[in-house]
Amino acid sequence: MNALVPLPVLLPLCATGLSLAFGIRLGRFQRFISVAVLTAVTALSAILMVAADRQGPLSVHLGDFAPPLGITLVADRLSGLMLTVSSAVTLCVLVYSLGQGMTDRDKETPLAVFHPAYLILVAGVSCTFLAGDLVNLYVGFEIMLVASFVLLTLGGTGPRMRAGSTYVIISLFSSMLFLTAIAMTYAATGTANFAQLAVRLAELPIGVQTLIQALLLTVFAIKAAVFPLAAWLPDSYPTAPAPVTAVFAGLLTKVGVYCMLRTETLLFPGNRIGDLLMAIALASMVIGILGAVAQTDLKRLLSFTLISHIGYMVFGIGLATREAYGGAIVYVAHHITVQTTLFLVAGLIERRGGTTELTRLGGLARAAPMLAALFFVPAMNLAGIPPLSGFIGKLGLMRAGVADGSGWAWVLVAGSAATSLLTLYVIAKVWNLAFWRAAPPGQAATGTVLESGDDSDDDTDAGPDHIPGTGDEGIGTTPPPAGQAVAATLHGRAVTTTSRLPHPMIAATAATIAIGLAFTVFADPLTAYTDRTAAELLQRTPYIQEVLGR
């Protein structure tokens, strides 16, 4: 069973090579490779999750080099759950992107880069979840950074390039800080392996331990978009096409939360900075949701709710009890699916209504009842309406806070309740403006172009025989004026609104909703699993013994 551990990383990397080899010559085969590989990764992740639950942590030392020389990959209950949920979500997003026709337009570029970049992103996420040392964790981050920059800036439009530049600058800064933390850790302990660090860090002076812990937490807080290190996110994510934004919001921030969970439990037990983490959690909740209240663009609104709800996860990490860790893990799994779903729905709204600006939308509940249903279910889940999984995760965290009984814990319980109510207000605002009220006079009609190729009007000079990006050639007409949306397609080219949404887009969105609802239906086994996961994290011994063979 241990031999399966590297496959969630290796399969996407091998498929990337095949995808680049076939490129635009065999587009259908390229798409088949991507879907087949992600399906296999999802199945392997589920197998590893079940095996880790039954047998304990699984590990493999690549090249048979023992720590600290070799690369160690470890699958325990936490990484198994994260792998399974993330793989299932990335598969759904891939199907959504195929339905949107994004990848079909890769024939306009020298290489069909969407599939390779997407597969590399999946490999980076898997590498991060399975990493058994700081160096390999850093490598996983850098793999994700390279792939995410490509996906964020494909099409080369002005807004995407500006957002991509901000994202890269912040990511490179956090990478340099991460390298500094790794260098300090290795200089102080002589290793970067997690299991060895769990033993050796305790022997260091408390000041050195705290400095290393602070550096690592800062790096992971940037990745997770924890306030006050989250200013980059609302300006970076909304400019990307819906599938890219969905996978970024659903997964990449949770990678940072996962790393916080891993290091705080394995490397720095004892909760020395719990009060600081709870203060940061409260600030993230309150500032994030107040930012969402002030927004009128759906994508920016969802970006601020993302920052806000990261605070719930940091709340659990700051409490550092078994019940709190269990609630935080439930909430991480729930939030991956719900946040991804809402950004996918935002893409459907944009394609149907011509914009994500709420003041220019209306009447969608009557015009597109299925779209209204696809929004309503995950929106209620995000708000934490009983008995959905959002309520289960929040309830677990609030019960842990009440059981802790400290002053900060009670403040966080009150802050959690207030944030949940404000989230419900934000969701109601979106529903009233976009779905319930009558369509405003200026709403885009079917056939409106969502986006032109650049900030300029260069695409209008393409001539009467070609409308870039639409697939309509030889029409003999020029495209109508561009609408307000700035992130409709992968390439930033013109695409028109449609009254009938592509079936794969609807099916993929419904599948992510089904995953979120499965967390509700199987709430008892899920919470039992996360409780065992929390106990394993606090024990630390099973992980250390598996890696070091003691």
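Everything discussed here concerns the structure shown above.
Each chain has its residues counted from 1, following the order in which its sequence is written. At least 70 in pLDDT is required for a residue's local features to be given in this predicted model, at least 80 for side-chain atom pairs to be given and counted, and no such filter applies to totals for whole chains, interfaces and linings, which use all residues. Calculated side-chain values reflect all of the structure's heavy atoms, with hydrogen atoms and water omitted.

J.: Teacher, can you tell me more about the packing of aromatic side chains here?
T.: Paired rings are identified among Phe, Tyr and Trp, the last through its six-membered ring, by centres lying within 6.5 Å, and are further divided according to the angle between planes into stacked (under 30 degrees), edge-to-face (over 60) and tilted (the rest). On inspection of all chains with the given rule, the structure shows 15 aromatic pairs. Relative to Phe 178, the ring of Tyr 138 has its centre 5.8 Å away and its plane inclined at 70°; by these criteria the two rings are edge-to-face. Pair noted here: Tyr 138 is in helix α5 (residues 134-153) and Phe 178 is in helix α6 (residues 158-189), with a separation of 40 residues, a long-range link. Categorising residues by exposure relies on relative accessible area from a 1.4 Å probe, with only protein chains included: less than 20% of the type maximum marks a residue as buried, more than 50% marks it as exposed, and the intermediate range marks it as partly exposed. Assessed through its relative accessible area of 19%, Tyr 138 is described here as buried. The exposure class assigned to Phe 178 is buried, which follows from its relative accessible area of 1%. Arranged with centres 6.5 Å apart and planes meeting at 15°, the rings of Phe 375 and Trp 431 form a pair that is stacked. A run of DSSP states H or I qualifies as a helix once it reaches four residues; a run of E qualifies as a strand once it reaches two. Both are numbered from the N-terminal end.

J.: Explain a nonpolar patch on the surface here, please?
T.: A contiguous nonpolar surface patch, about 310 Å² in accessible area, is contributed by Phe 227, Val 286, Ile 287 and Leu 290. Among the structural elements, Leu 290 can be located in helix α11 (residues 274-293). Among the residues examined, Leu 290 registers a relative accessible area of 47% and is labelled partly exposed. Nonpolar side chains (Val, Leu, Ile, Met, Phe, Trp, Tyr) are joined into patches within 5 Å and like charges within 9 Å, using only residues with over 30% relative accessible area and no salt bridge. Surface accessibility follows the Shrake-Rupley procedure with a 1.4 Å probe radius. Residue values consider only the protein chains on display as shielding. Here a salt bridge means any side-chain nitrogen of Lys or Arg lying within 4 Å of a carboxyl oxygen belonging to Asp or Glu.

J.: When you look at the packing of α5 against helix α10 (residues 242-266) in this model, what are you seeing that I'm missing?
T.: The axes of two packed helices give the description: the angle between them and the distance between them. Axis definition: a line fitted to C-alpha atoms, over the contacting stretch in the case of helices. Angles run 0 to 180 degrees between N-to-C directions. Axis separation between α5 and α10 bottoms out at 12 Å; the angle between their running directions is 165°. Between α5 and α10, the crossing angle belongs to the class labelled roughly antiparallel. α10 is crossed by α5, and the crossing has left-handed handedness. Touching Leu 137, Phe 141, Met 144, Ser 148, Leu 151 and Leu 152 of α5 are Val 244, Phe 248, Leu 252, Val 255 and Cys 259, all from α10. Here the word oblique covers every angle except those under 35 degrees (roughly parallel), over 145 (roughly antiparallel) and from 65 to 115 (roughly perpendicular). Handedness of a crossing follows from how the near helix is turned relative to the far one, being left-handed for an anticlockwise turn of less than a right angle and right-handed for a clockwise one. Residue contacts are counted whenever heavy atoms from the two residues lie within 4.5 Å of one another.

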